[in-house]
Amino acid sequence: SQKIEQNSEALNIQEGKTATLTCNYTNYSPAYLQWYRQDPGRGPVFLLLIRENEKEKRKERLKVTFDTTLKQSLFHITASQPADSATYLCALRGPLCSRHKQASGAGTASKLTFGTGTRLQVTL
Amino acid sequence: DSGVTQTPKHLITATGQRVTLRCSPRSGDLSVYWYQQSLDQGLQFLIQYYNGEERAKGNILERFSAQQFPDLHSELNLSSLELGDSALYFCASSPSPGGYTFGSGTRLTVV
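Thresholds, definitions, all that
Sequence order as written defines residue numbering, which begins from 1 separately in each chain. All chains are assigned letters beginning at A, and all ligands numbers beginning at 1, according to the order in which they are written. Totals for whole chains, interfaces and linings use every residue, but because this is a predicted model, local features are given only for residues with pLDDT of at least 70 and side-chain atom pairs only at 80 or more, for both listing and counting. Hydrogens are left out, water is left out, and the side-chain values use all remaining heavy atoms of the structure. Between Lys or Arg on one side and Asp or Glu on the other, a salt bridge is scored when a side-chain nitrogen of the former is within 4 Å of a carboxyl oxygen of the latter. A run of DSSP states H or I qualifies as a helix once it reaches four residues; a run of E qualifies as a strand once it reaches two. Both are numbered from the N-terminal end. When a residue's accessible area, from a 1.4 Å probe over protein chains only, is under 20% of the maximum for its type it is buried; when over 50% it is exposed; and in between it is partly exposed. The pairing test for Phe, Tyr and Trp rings, Trp by its six-membered ring, is centres within 6.5 Å, and the orientation test on the planes gives stacked under 30 degrees, edge-to-face over 60, and tilted for anything in between. Only heavy atoms enter the contact rule, under which two residues are in contact if any of them lie within 4.5 Å. Any pair of nitrogen or oxygen atoms within 3.5 Å is treated as a polar contact; in protein, a donor-acceptor pairing is required on top of that, and neighbouring residues in sequence qualify only through side-chain atoms on both sides. By the convention adopted, Pro, Cys, Tyr, Trp, Phe, Met, Ile, Leu, Val and Ala count as nonpolar, Lys, Arg, Asp and Glu as charged, and the other residues, Gly among them, as polar. Note on pairing: two strands pair once DSSP finds at least 2 bridges between them. With axes taken as lines fitted to C-alpha atoms, and helix axes fitted only over the stretch in contact, angles between N-to-C directions fall between 0 and 180 degrees.

Asker: Please provide a residue-by-residue account of the pattern of salt bridges, values included.
Answerer: Scanning the entire structure with this criterion turns up seven salt bridges over all chains. Between Lys-57 of chain A and Glu-54 of chain A there is a salt bridge whose closest N-O contact spans 3.8 Å. A salt bridge links Asp-84 of chain A to Arg-61 of chain A, with the nearest nitrogen and oxygen atoms 2.9 Å apart. Remark: Arg-61 of chain A occurs in the loop between β6 (56-59) and β7 (62-67) and Asp-84 of chain A occurs in the loop between β8 (72-77) and β9 (86-93); sequence separation between them is 23 residues. By relative accessible area, which is 26% here, Arg-61 of chain A ends up partly exposed. Each of the salt bridges in this network shares a partner with another, and the network as a whole consists of Arg-63, Glu-82 and Asp-85 of chain B.

Asker: Could you give an account of the packing of aromatic side chains, with specific residues and numbers?
Answerer: This structure, assessed with the given rule, holds 15 aromatic pairs over all chains. Consider the rings of Tyr-33 of chain B and Tyr-100 of chain B, whose centres lie 4.1 Å apart with planes at 25°: the pair is stacked. Of this pair, Tyr-33 of chain B sits in strand β4 (residues 31-37) while Tyr-100 of chain B sits in the loop between β9 (87-94) and β10 (101-102), and the two are 67 residues apart along the sequence. Of the aromatic side chains, those joined through ring pairs into one cluster are Tyr-36, Phe-46 and Phe-114 of chain A together with Tyr-33, Tyr-35, Phe-45, Phe-90, Tyr-100 and Phe-102 of chain B.

Asker: An account of the interface of chain B and chain A is needed here, citing residue identities and associated values.
Answerer: If you look at the interface, chain B gives 22 residues, while chain A gives 21 residues. Across the chain B-chain A interface, the total number found is zero salt bridges. Applying the counting criterion to the chain B and chain A interface returns five residue pairs in polar contact (both at pLDDT 80 or more). For the side of chain B that touches chain A, the elements supplying multiple residues, two or more each, are β4, β5 (43-50), β6 (53-57) and β9 of chain B. Of the residues assigned to the side of chain B that touches chain A, the class counts are ten nonpolar, nine polar and three charged.

Asker: Kindly report on the sheet that holds strand β3 (residues 19-24) of chain B, identifying the contributing residues and their values.
Answerer: Residue and element names in this part refer to chain B. Here four strands make up an open sheet; going across it, the order is β1-β3-β8-β7 and the pairing antiparallel. Each having just a single partner strand, β1 (5-7) and β7 (64-68) make up the two edges of the open sheet. In this sheet, adjacent strand axes meet at a mean angle of 15° when their direction is disregarded. In this structure, β7 lies alongside strand β8 (residues 74-78), joined through five bridges in antiparallel fashion. From the neighbouring strand, Phe-64 faces β8, where its bridge partner is Leu-78.

Keep in mind these numbers describe shape, not what the thing actually does.
Given below as structure tokens:
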């Protein structure tokens with residue numbers, strides 16, 4: 001079955017250090033992968049999108065890598081700050097691997113499927 | 001303000017009742033997505049509409065239904081409510097392709 005796995009344990013790091021979060025997936029052949037930030041009780045906020053033909057993407061203190069061979073994305077926050085404390089979600093959009101397309105039916109490739117997220121806590 | 005508007009923000013209702021959640025997408029976005037997020041679960045995809053037509057369906061219960069109107073706003077109808085339906089319900093819109101813009105959600109409490 002299709003899976004998106006993120007470390008369910010909270011990541012605690014000290015202010016100023018680099019936080020690295022991992023997203024692994026199986027039975028997907030994603031056209032692109034996205035990362036979101038979610039604060040408690042609020043909607044996720046889009047951060048970055050990386051396409052399958054891109055190895056790395058940067059935006060200010062954020063960096064995302066995408067390894068389609070390892071089926072893994074890494075999300076880095078450099079010079080982390082307490083304000084970066086939140087849950088970070090990775091999300092995948094189709095296509096599914098070919099043998100799953102038929103089982104899922106038409107239209108499912110367009111939806112975004114989210115991992116359960118990793119909670120990051122940055123302390124002083 | 002993300003540009004995606006969801007109403008109401010909070011809803012408390014009794015089991016067996018029916019409620020309607022409303023979403024107005026960001027201006028120019030034709031796609032609307034509905035997600036459910038329970039306390040101990042991640043975001044679960046319910047349904048997608050694109051320019052008024054149903055485009056994709058997730059694990060949406062038969063008691064739930066949705067529609068998208070000509071002005072592109074969408075409504076999610078939840079009926080015969082059960083305690084387990086208590087959750088945050090999010091609506092999102094997106095250009096195609098691109099990141100989703102989520103609303104602030106409707107917190108539904110079934111008592």
